[in-house]
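Each chain is listed here by its residues.
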There are 2 protein chains.
Amino acid sequence: MKHTTDNQLITGLDTIFNPGSVALVGASTTFGKWGQLIASNIIAGGYKGRIFPVNPGYKEMFGLPAFEQIGKIPEPVDLAFIITPAKTVPSVLEACGQNGVKGAVIITSGFSESDQAGRDLEKEIVTIGQEKGIYIIGPNTMGIIAPYADLFATGAHSRPRKGSVAFISQSGNLGNQLTHWADQQGIGISLFVGSGNEAMITCPDYLEYLEHDPHTRIIILYIESVGHGGRFMEVATRVNRKKPVIILKGGTTEAGRTAAASHTGSMSGEDAIFRGACRQAGILNARVPSELLNLSAGFSSLPLPKGNRVGIVTLGGGWGVVTADECNERGLVVPPIPDHIVEAIGRRLPPFWSKGNPVDLVGTRDLDAPTIAVEELVKWDGIDAVMVLGVVGRDEFVHLLIESSRDADPEISREFLDQIKTLSRHYEESFIAKMVEFMEVYEKPIIGVSLARTDSGTVRPVTGRRYSGVFYQTPETGVNVLARMVAYGRRSPVASLP
Amino acid sequence: MKHTTDNQLITGLDTIFNPGSVALVGASTTFGKWGQLIASNIIAGGYKGRIFPVNPGYKEMFGLPAFEQIGKIPEPVDLAFIITPAKTVPSVLEACGQNGVKGAVIITSGFSESDQAGRDLEKEIVTIGQEKGIYIIGPNTMGIIAPYADLFATGAHSRPRKGSVAFISQSGNLGNQLTHWADQQGIGISLFVGSGNEAMITCPDYLEYLEHDPHTRIIILYIESVGHGGRFMEVATRVNRKKPVIILKGGTTEAGRTAAASHTGSMSGEDAIFRGACRQAGILNARVPSELLNLSAGFSSLPLPKGNRVGIVTLGGGWGVVTADECNERGLVVPPIPDHIVEAIGRRLPPFWSKGNPVDLVGTRDLDAPTIAVEELVKWDGIDAVMVLGVVGRDEFVHLLIESSRDADPEISREFLDQIKTLSRHYEESFIAKMVEFMEVYEKPIIGVSLARTDSGTVRPVTGRRYSGVFYQTPETGVNVLARMVAYGRRSPVASLP
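Here the structure is a predicted model, which is why all the values come from computation and not from measurement.

A. Seen up close, the sheet that holds strand β13 (residues 245-249) of chain A. Residues and elements named next belong to chain A. Read across the sheet, seven strands follow the order β9-β8-β11-β10-β12-β13-β14 without closing on themselves; strand pairing throughout is mixed. Every other strand in the sheet has two partners, leaving β9 (151-154) and β14 (284-285) as the edge strands with one partner each. Along the sheet, helix α5 (residues 172-185) makes contact with β8 (143-146), β9, β10 (162-169), β11 (189-194) and β12 (218-223), crossing β10 at roughly 165°.

This is how it looks when you write it as structure tokens:
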């Protein structure tokens, strides 16, 4: 948007993302209507500020007093969610202006994404916003999530925890899924914005805000079109030097059609230029949405690697081989390890172990062996990062074994099996704590691979620690994240994470 | 192995994988010992044949009579699992020979994978096996799983359901994880073999057996070395014409070291030759273990596509764009659709819908719209496959919304919310049934993408149907599988699946 100063923009957006009160214009109690989706999410999500439902049909909604119109609310409101039909939005915005509303999230669709009348209507609301000093998010947005304000205001009711990843998405639906994945994977979010049609506030505006947001340390973007390409690249390049900016640029339906007609796999010219510009600026491009999330987990939880040399610790040989191959293909190096490390690790292993990197623990029963192997590697100045495979995740197999043992053996002690179950869980937790401690001491990333799908998610925070454990399900995911972190570290050595 | 005729080999392996009785030599009741892992898994897994634990220290184990030595078992046993120390294995095998044992799965390690003494010992057991007519699997194997015999005999206690995917792995640990993933994802298995050191029975032997196994329709292999490269490629090429053979070749630790030293990402010469040979033979190579599983789900559940033209149906625009981009990059075509299809689908959608392929259902509430859109696409002869995004998986968001609504709204009917929950589940099931029905009618694959991680797994069988629903979590996974199926279909048009 055009704004007088950066400071005004930042202050304005700060009010929107940390509002003391919200009005829900078009709130509804009808299950599944947009007005109900947004209202019930905000209320059930535990928003602490004052909430004013606005709907002339009700005296009370969700146990709160309802207001006939925004003008009847007895105090100025910081943020209005507008969920009424498109044609009513200009008058609602006028009323917001009279109330003193500072920002509006316009959920309503039927603007520039639909037809000429919609485009005209969109211009009209921008003009009203500018006249009244209302910052407008959207229209046609899926909503916002501001965990530090306990404000969950989207149609999808996932509630990722507080964290350092900000996520701006031009696709609401895709944003919903990604915040849901973040929730499932334990990735903490500082902000989510569905930017919708970006009638007033655009991607570079959000980037400028996030540049200064103290909660945000990494920014991920899903974009389909860059309205003001020049300013976008300029701002993104600047912000990326301080905080990694990771972009997934989706093609357009036009591009899809062209591609289909030409039967080739080539990028459209615009996309090729965009990606080239990102590469030059050191901005990482993600290829698919899942990659945005995986990179978020790593960048928000691990120290940046200072080089590309990887130590691998694995419970089973095959996984070590596969991981070494992946490292190899992604430009990471799996160096041989010196004799003193081979000796130190070898003390805990049977004589026929691999005696090299990857360190194959050959299924050892020595529960301290993985920790010792990781520390020997991580403290050696010949490596920059460690990957550890199959230690976290083994708990899943222990559970299965306990069940079988109970079923198969009438003589086995039930109490003993319960103890094993508890010990296995504690072991996993203490292993994670140890990995996080090593990361603090040695300032090198340790990336875990669980192999089993665990319900505990990818990111495993440890109370009081700056870094978190990160355990991807597959080696290729871990290797990809590490390779990307190495690339970012080379290009933007000034940034420090988290 | 050297064997007199193919028939003998097939009959021999058939007895091993469908044994009427098993002896567990070295069975143990000590939690976590190999003898306990294998025994408790076989018993808890519900094996229906006779089980003879052999351990001189016990009169009874797992509620079964235990035998001092294999010679004391009062009847000939089909299959012996040998879990005693390496140096005892020759005499155990001799005893097996006297009993009339037809096959032995030698779990014990300490053979050719360890040192010269181990290599000598391995030669000795092969000689004994040949003299006594005992087929040997392993040694140093993680075990076998034969679901059609209800025989689960590995150290990992996952129990994938009966199905058509056979899996041979030279890495036991990797095999364990993959069978566990198969179990979690609902992928049905016809056989799993950890082939271990392959002292006697080698990969091409298993391939020859599987070529004739009526339960097996797709074969996946994890291999690190091919002992008899010529015979392997010859057999794999032949079998692949009837049943897809998908291979993941892991590098070797040596290769990893070389790669590290040279700082390049190039393949070792041997690997490059191997992959080239596979390409020529039309054998698919997987890059990572997860891909083996994803391909298994698709190849075992869907009809083969006859071409590369894809119709895309999506609940949200962003995901359609990302999927079209992925198709594009993988050589699949997303063609424009003719007016009559646009009209037919448009009847169920608001006027501002995309009117093209991908078909963006713009979040419609019309629950029949996705089914109609898929059928309109799949029955058109201008496309060969359909991808449908976000319909299955939406149930997850419905659940979250129901919880919020309950929390936020004191007035809302609890009974109504429970009904919605049930309806949503039924809708998902009936949608899956419809997709499978379309696949039978039109003989084209329909690949689902759930976007949300669902507990129901990737493969969703429908009773009485030849095909199953397949719902990957991400579009890139679905697109990759489709691209690989297109490639296979081109090279091996005679094979029909499943």
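B. Examining the relation of the copies chain A and chain B more closely. It takes a turn of 180° to lay chain A on chain B, together with a shift of 0.0 Å along the axis; the resulting RMSD is 0.0 Å. This pairing of chains is accounted for by a two-fold axis. When you check the interface residues of chain A against chain B, 100% turn up at the interface there too, and the contact is symmetric in its surfaces.

C. Broad picture of the domain arrangement of chain A. All names here are of chain A. As assigned here, chain A comprises domain 1 (1-140), domain 2 (141-301) and domain 3 (303-491). Listed by partner, the interface residues are 41 residues for domain 1 and 32 residues for domain 2. Both faces considered, domain 1 and domain 2 share a buried interface measuring about 2900 Å² in area, 62% of it formed by carbon and sulfur atoms. Taken together, the links from domain 1 to domain 2 amount to one salt bridge. Linking Lys 48 and Asp 150 is a salt bridge whose minimum nitrogen-to-oxygen distance equals 3.2 Å. The tally of links from domain 1 across to domain 2 stands at 15 residue pairs in polar contact (both at pLDDT 80 or more).

D. Quick peek at the pairing of strand β11 (residues 189-194) of chain B. Residue and element names in this part refer to chain B. Within β11, six of the six residues are buried, leaving the element largely enclosed by the surrounding structure. Judged from the two bridges that link them, strand β8 (residues 143-146) and β11 form a sheet pairing that is antiparallel. Looking across to β11, one finds that Ile 145 is bridged to Phe 192. Pairing analysis gives six bridges linking strand β10 (residues 162-169) to β11, with the strands arranged parallel. Following the sheet pairing, Val 165 is matched in β11 by Ile 189. The handedness of the β10 to β11 crossover, carried by helix α5 (residues 172-185), is right-handed.

Definitions and limits used
Residues numbered from 1 in each chain as written. Chains lettered and ligands numbered in written order. Predicted model: local features only at pLDDT ≥ 70, side-chain atom pairs only at ≥ 80, totals over all residues. Heavy atoms only, no water. Pairing = 2+ DSSP bridges. Helix = DSSP H or I, 4+ residues; strand = E, 2+ residues; numbered from the N terminus. Contact = heavy atoms within 4.5 Å. Axes fitted to C-alpha atoms, helices over the stretch in contact; angles between N-to-C directions. Least-squares fit on C-alpha atoms with pLDDT ≥ 70 in both. Domains from an automatic or database assignment. Buried area = accessible area lost by both parts, 1.4 Å probe. Salt bridge = Lys/Arg side-chain N within 4 Å of Asp/Glu carboxyl O. Polar contact = N/O pair within 3.5 Å; in protein donor to acceptor, adjacent residues only side chain to side chain. Buried < 20%, exposed > 50% of the residue type's maximum accessible area, 1.4 Å probe, protein only. Right-handed = clockwise from strand over helix to strand, strands pointing away.

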